[in-house]
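# Summary of the model geometry
Take a look at the letters that make up each chain.
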Amino acid sequence: MAEVTLTVNGVRRAVGADPGTPLLWVLRDELGLTGTKYGCGEGYCGSCTVLEEGAPVRSCQVPLAQAAGKRYTTIEGLSNDGSHPAQRAWLEQNVSQCGFCQPGMILEAAALLARRANPTEEEIASALGDHLCRCGSYPRILSAVRLAARRAAAGGRP
Amino acid sequence: MSTRRDFLKVSLLAGGGLLVGFRWTEAAEGAAAAGVPFRPNAWVRIEADGRVVLVVGKTEMGQGVRTALAKILAEELDVDLDRVEIEQASPGPEYTDLGTGGSSSSMDGWDPLRAAGASARALLVAAAAARWGVDASGCRTEPGRVLGPEGRAAAYGELAAEAAARTPPETPPLKPAAERRLIGRRVQRLDGPAIVTGRARYGLDVRLPGMRFAVVARPPRFGDRLAGFDSTGALAVDGVEDCFAIPGGIAVVARSTWAALAGRRALVADWRAGAGGDFASEAHARALREAVAEAGVTTRRDGAGRAALAGAARRLHAVYEYPFAAHGAIEPVAATARVESGRCEIWSPTQTPNAVQAFAARTLALPPDAVTVHVTLAGGGFGRRLGWDFDLEAVEVARRIDAPVQLVWSREDDLVHGYFQAASAHRLEAGLDASGRVVAWDHRKASTPHNARRRPSREQLADPQFLAGSSWGVNDQPYAFPAVETSYRVVEAPVPIGPWRSVFAPSSVFARESFLDEVALASGRDPLALRLELLGADDAGVPRIAEPGGARVDRLRLRRVLETAAERSEWSRPLPAGRARGLAADVFHTETYVAHVVEVAPRARRRPGEPPFTIERVVVAIDCGVVIDPDGVAQQAESGVYWSLSNVLGETSFARGRAREENFDAFRIATFADRPRAIETHLVPNDDERPHGLGEPVVNSFAPALANALARLTGQRPRRLPFDLAALG
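All values derive from a computational prediction rather than experimental measurement.

In terms of regular secondary structure, chain A is built from six helices and five strands. When the elements of chain A are put in sequence order from the N terminus, they spell out β-β-α-β-β-α-β-α-α-α-α. Here the C-alpha atoms of chain A give a radius of gyration of 15 Å, agreeing with the 15 Å that 2.2 N^0.38 yields for 158 residues. Once the C-alpha set of chain A is aligned to its principal axes, its extents read approximately 50 × 30 × 25 Å. A buried classification covers 59% of the 158 residues belonging to chain A.

Residues and elements named next belong to chain B. Here strand S26 (residues 580–588) lies mainly inside the structure; nine of its nine residues are buried. Neither face of S26 is exposed, since Ala 580, Gly 582, Ala 584, Asp 586 and Phe 588 on one face and Arg 581, Leu 583, Ala 585 and Val 587 on the opposite face are all buried. Direction of pairing for S26 relative to strand S27 (residues 592–602): antiparallel, over a ladder of nine bridges. Bridged to Val 587 within S27 is Tyr 593. As consecutive antiparallel partners, S26 and S27 are separated by three residues, and within that stretch Glu 591 has a phi angle of approximately 65 degrees, a positive value.

Bringing the domain arrangement of chain B into the picture now. All names here are of chain B. For chain B, the assigned domains are domain 1 (2–196) and domain 2 (292–306 + 420–728). Distance from the C-alpha centre of domain 1 to the C-alpha centre of domain 2: 38 Å. With 20 residues of domain 1 in contact, the opposing surface of domain 2 contributes 18 residues. Both sides of the domain 1 and domain 2 interface together cover about 1400 Å² of buried area, and 51% of this is carbon and sulfur. Three residues stand out in domain 1 for area buried against domain 2, namely Ser 103, Met 107 and Trp 110, and they jointly supply 41% of the buried area on that side. Taken together, the connections running from domain 1 to domain 2 amount to three salt bridges. Salt-bridge contacts for Lys 71 lead to Asp 629; the nearest nitrogen and oxygen are separated by 3.0 Å. Between domain 1 and domain 2 we count nine residue pairs in polar contact (both at pLDDT 80 or more) in total. Among the elements of the structure, helix H2 (65–77) and helix H3 (105–132) are those that each provide at least two residues to the side of domain 1 that touches domain 2. Considering every element that reaches the side of domain 1 that touches domain 2, the biggest residue donor is H3, with four residues. Per-class residue counts for the side of domain 1 that touches domain 2 are seven nonpolar, six polar and seven charged.

Residue and element names in this part refer to chain B. Structurally, Glu 396 can be placed in helix H10 (residues 389–398). Given the relative accessible area of 11%, Glu 396 is considered buried. Among residues more than four places away in sequence, those in contact with Glu 396 are Ile 246, Pro 247 and Thr 363.

Residues and elements named next belong to chain B. The tally for this structure, following the rule as stated, stands at 20 aromatic pairs over all chains. Ring centres of Phe 510 and Phe 723 lie 6.3 Å apart, and the angle between their planes is 35 degrees; on these two criteria the pair is classed as tilted. With Phe 510 in helix H14 (residues 505–522) and Phe 723 in the loop between helix H18 (702–714) and helix H19 (725–728), this residue pair connects regions lying 213 residues apart in the sequence. Take Phe 510 and Phe 723: they sit in the same class, and that class is buried. Connected via pairs of aromatic rings, a cluster forms that spans Phe 222, Phe 279, Phe 324, Phe 420 and Phe 654. Positioned above the aromatic ring of Trp 258, the side-chain terminus of Arg 265 is 5.0 Å from the ring centre.

All names here are of chain B. Here Arg 444 shows up in strand S22 (residues 438–447). In terms of polar contacts, Arg 444 uses its side chain to reach the backbone carbonyl oxygen of Val 292, at 3.0 Å. When residues no more than four places from it in sequence are discounted, the contact partners of Arg 444 are Val 292, Ala 293, Glu 294, Ala 295, Arg 306, Ala 425, His 426, Arg 427 and Ser 487.

Residues and elements named next belong to chain B. Closest axis-to-axis distance for the H2/H3 pair is 7 Å, and the angle between their directions is 35 degrees. Like other packed secondary-structure pairs, H2 and H3 cross with a definite hand, here right-handed. Touching Val 65, Ala 68, Leu 69, Ile 72, Leu 73, Glu 76 and Leu 77 of H2 are Ser 105, Ser 106, Trp 110, Leu 113, Arg 114, Gly 117, Ala 118, Ala 120, Arg 121 and Leu 124, all from H3.

Further remarks concern the interface of chain B and chain A. Every contact between the two is made by 59 residues of chain B and, on the other side, 53 residues of chain A. Of the roughly 4500 Å² buried at the junction of chain B and chain A (both faces included), carbon and sulfur atoms supply 57%. Where chain B packs against chain A, one counts seven salt bridges. Residue Arg 675 of chain B is joined to Glu 122 of chain A by a salt bridge in which the shortest nitrogen-to-oxygen separation is 3.1 Å. At the surface where chain B touches chain A, the tally comes to 31 residue pairs in polar contact (both at pLDDT 80 or more).

For the rest of this paragraph, the subject is the pattern of salt bridges. All names here are of chain B. Applying the stated rule across the entire model yields 74 salt bridges over all chains. Residue Glu 241 is joined to Arg 255 by a salt bridge in which the shortest nitrogen-to-oxygen separation is 2.7 Å. With Glu 241 in strand S12 (residues 240–246) and Arg 255 in the loop between strand S13 (249–254) and helix H7 (257–266), this residue pair connects regions lying 14 residues apart in the sequence. Take Glu 241: its relative accessible area is 35%, and that puts it in the partly exposed class. A salt bridge links Glu 518 to Arg 717; its shortest N-O distance comes to 3.7 Å. In this pair, Glu 518 sits in helix H14 while Arg 717 sits in the loop between H18 and H19, placing the two residues 199 residues apart along the sequence.

Next up on the list: the nonpolar core. One broad rule of soluble globular proteins: the nonpolar side chains tend to lie buried together. Counting residues in each nonpolar core, the largest one holds 168 residues, and the members touching the most others are Trp 90 of chain A together with Leu 706 and Phe 723 of chain B. Excluding its chain neighbours within four sequence positions, the residues that come into contact with Leu 706 of chain B are Val 598, Val 600, Phe 613, Ile 615, Leu 645, Val 648 and Phe 723 of chain B. By size, the runner-up hydrophobic cluster in this structure holds 50 residues, among which are Val 10, Ala 70, Leu 81 and Ala 127 of chain B.

Residues and elements named next belong to chain B. The five strands are arranged S15-S23-S22-S21-S16 in an open sheet whose pairing can be described as mixed. What marks the edges here is a single partner per strand, and that holds for strand S15 (297–302) and strand S16 (314–322). For this sheet, the mean inter-axis angle between neighbouring strands, taken without regard to orientation, is 10 degrees. Bridge analysis of S15 against strand S23 (residues 483–490) gives five bridges, and the strand direction is antiparallel. In the strand pairing of S23, Arg 300 is matched with Thr 486. Strands S16, strand S21 (424–432) and S22 of the sheet are contacted by H14, whose axis makes an angle of about 150 degrees with S16.

Further remarks concern the domain arrangement of chain A. All names here are of chain A. One can read the domain layout of chain A as domain 1 (3–77) and domain 2 (85–153). Relative to domain 2, the C-alpha centre of domain 1 lies at a distance of 21 Å. Joining domain 1 to domain 2, the criterion identifies zero salt bridges. On the surface where domain 1 and domain 2 come into contact, there are three residue pairs in polar contact (both at pLDDT 80 or more). No other element matches strand S3 (residues 49–52), which puts three residues into the side of domain 1 that touches domain 2.

What follows is about the environment of Arg 286 of chain B. Residue and element names in this part refer to chain B. Note on placement: Arg 286 falls in helix H8 (residues 281–291). A relative accessible area of 44% means that Arg 286 is categorised as partly exposed. Along the chain, Arg 286 and Ala 425 lie 139 residues apart, while their C-alpha atoms are 9.2 Å from each other.

This part takes up the sheet that holds S3 of chain A. All names here are of chain A. An order of S2-S1-S5-S3-S4 is seen for the five strands of this open sheet, with the pairing classed as mixed. For this open sheet the edge positions go to strand S2 (11–16) and strand S4 (55–58), each flanked by a neighbour on one side alone. For this sheet, the mean angle separating the axes of adjacent strands, direction not counted, is 40 degrees. Pairing of S3 with strand S5 (residues 71–73) involves two bridges; the strand directions are antiparallel. Looking at S5, one finds that Leu 51 is bridged to Thr 73. Of the strands in this sheet, S3, S4 and S5 touch helix H4 (residues 102–115), which is tilted by about 35 degrees from S3.

Reading the values: the criteria
Residues numbered from 1 in each chain as written. Chains lettered and ligands numbered in written order. Predicted model: local features only at pLDDT ≥ 70, side-chain atom pairs only at ≥ 80, totals over all residues. Heavy atoms only, no water. Helix = DSSP H or I, 4+ residues; strand = E, 2+ residues; numbered from the N terminus. Rg over C-alpha atoms; globule rule 2.2 N^0.38 Å. Buried < 20%, exposed > 50% of the residue type's maximum accessible area, 1.4 Å probe, protein only. Pairing = 2+ DSSP bridges. Domains from an automatic or database assignment. Contact = heavy atoms within 4.5 Å. Buried area = accessible area lost by both parts, 1.4 Å probe. Salt bridge = Lys/Arg side-chain N within 4 Å of Asp/Glu carboxyl O. Polar contact = N/O pair within 3.5 Å; in protein donor to acceptor, adjacent residues only side chain to side chain. Nonpolar A, V, L, I, M, F, W, Y, C, P; charged D, E, K, R; others polar. Phe/Tyr/Trp six-rings, centres within 6.5 Å; stacked < 30°, edge-to-face > 60°. Lys NZ or Arg CZ within 6 Å of the ring centre and 35° of its normal. Axes fitted to C-alpha atoms, helices over the stretch in contact; angles between N-to-C directions. Left-handed = near helix turned anticlockwise from the far one by under 90°. Core = buried A, V, L, I, M, F, W, Y, C linked by side-chain atoms within 4.5 Å.

The structure is reproduced here in structure tokens:
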């Protein structure tokens, strides 16, 4: 079995798995990073979203072979201590109910904030539009992203 | 160690802490009266280092139960909320009735947690007073510390051992409501930091050394039986280790989830058709419609019942239909099990840990105490995890291999092979007198009253009381009609039916509150005024308290939520052209009162799949008794709107004995694009002294309020869920 090397949360990892294995299962089953969630396996729900070179991707749709040499950020690596403006805003707005979909939501939001410092409600709803939350946390996500943007503008990092 | 036989047991912890054992439910009173020794089933530990650990037997599924229960304790114990750690209880002799359902956790935990917190606080104060040689009345507490005269102070942790040697007070003083610091105030969820950093552990996140992953190939259609299978292809998949039959299907065991899924795809199974393989929901819907053409078993009769319709000056009737629906929690069901040397350990996001323990023990022919169940966080529950089918599958695989195993349901498994909210049809008929007053009310329901895969007996299916228990929202309707008859007709289906958020109520309340709106329109009445009248607003002869079908309804409180929703939504103020409002209300059997007003407008630009309307505003008025956290109530109110909206937009339908909606491309969950522009939650003041449930009560009246708004906006009345969006456009 070929070994594939990728960088996850700043650490180079060599993975020996079938090159067709989706990154989602590499992260969860091989690397023990269970913060990336399995919700549908087909790219419909967004729970498995991670950042690839800073851009959001559905890790269930990325075969290991394609991940070779790339840099990924998972929810465990978004900050050392939960201090990313999105993470803090999520707590302040009491966004999470069951919380299962939230790692994907937060990473998508972090990517949006990195490219749009002050997104409108429509831009947030559109960027996160393909993420599903069965608990209905959507209104609070919109508030949290706006709050994170204000915080970042006031001096925090994006 | 000292014991208040009726409610408390105090002992010293190793390391010098204070252990307070108490009982979760009022069952203790009965036990004490019957002379049974007091046995705690809930615990608080105050460690010598000042940490407070609450052992909780409730499953966190997003309803915020861990935070709510910790708040109740912290308030009376007088500690900061961030000092409270939650430890999840496992079934055992002390925990014989764990379980989370029925929106009852805060309600049931209120009295025992307050008593335990207040008792522990009194013990700590008494210990401090004794140490200082002062009277306890000269001492008070601030969060985590006892303060005495002349600036004396001692932390709870350092007093814990001395407190453990004392006898708890007979009636610990409870904090007056005006002095509460936590109850009624907004706090941040205790589980929040773990969730936003990815540290939160759900059922799928259990990781054990040497573990395997397994999926099960299940019957493609209802009734299919396994005649044989060829595992050659599956075993050729890299990482697949074993394939074998277990009850319900063929397990594929592998070194990773992905290998197990790939192995299952490569498996060739021979399924033989049985009964139910031709089931189609369209034919079933027809059978339900036909069933309500006739009255069934009467579940309630007031006055002359249905016969009163004959004397009415005018009669109106309508039929409403409601679909099957999967739960669709984003975390598919999964459990992890290890069976070795006569012991079994299970890790599961279960809502019913004791049943998991009992059935796992029975499956393995082990005594229950040889089975340990660890309850994880659940990525949504909604009633699905009241079933233990997935737990037993994990056990069946684990007993056959020499490693711990995580039994994973794929999304498709979860949406196709779970159990479902039952489809139903409702026929309502009202008799009006010459002045337009409703004098007779007839509500017939037809559905499949199974619950959690247990098929009712023939006797139960004919038993009015059993059927009344499956008629929430029908027989326990709150309105004061002079004559009422409600009935139920059983229509069988091969679909596994089980608890779903709000269980039997959503369909019934949709039908009831929609029909009341039709009655109002047809008789030229305002829907709010009609409801208030039926709840005795202008008639002292209407009793304030009604007890229909074992429920308890305070009509004044229901009127108040209606009035609050109306006032906040400016119900009496006309809307501009192209806007419309609808109203609906419900009281759930947990005595939580909810009213919704929904305002709609035509959607200007419509993309494919989008409804032809937008929801401009949702006003929710709630009376849930004592408010533990106003933001927690708002969160549940928002959740109820989205849950119900998903039900308005989607369903699970069946063709040839199988669910059509296999993944989230077809199973519709409301999303950002569907969002109401605003959801406002308003708490209605009340003099109740207890909190009541929220998770389920917030669901029921949204869909009919939306339907009532759309009927005004479009002239087309949606009488079926999911709504026919083409007909409304």
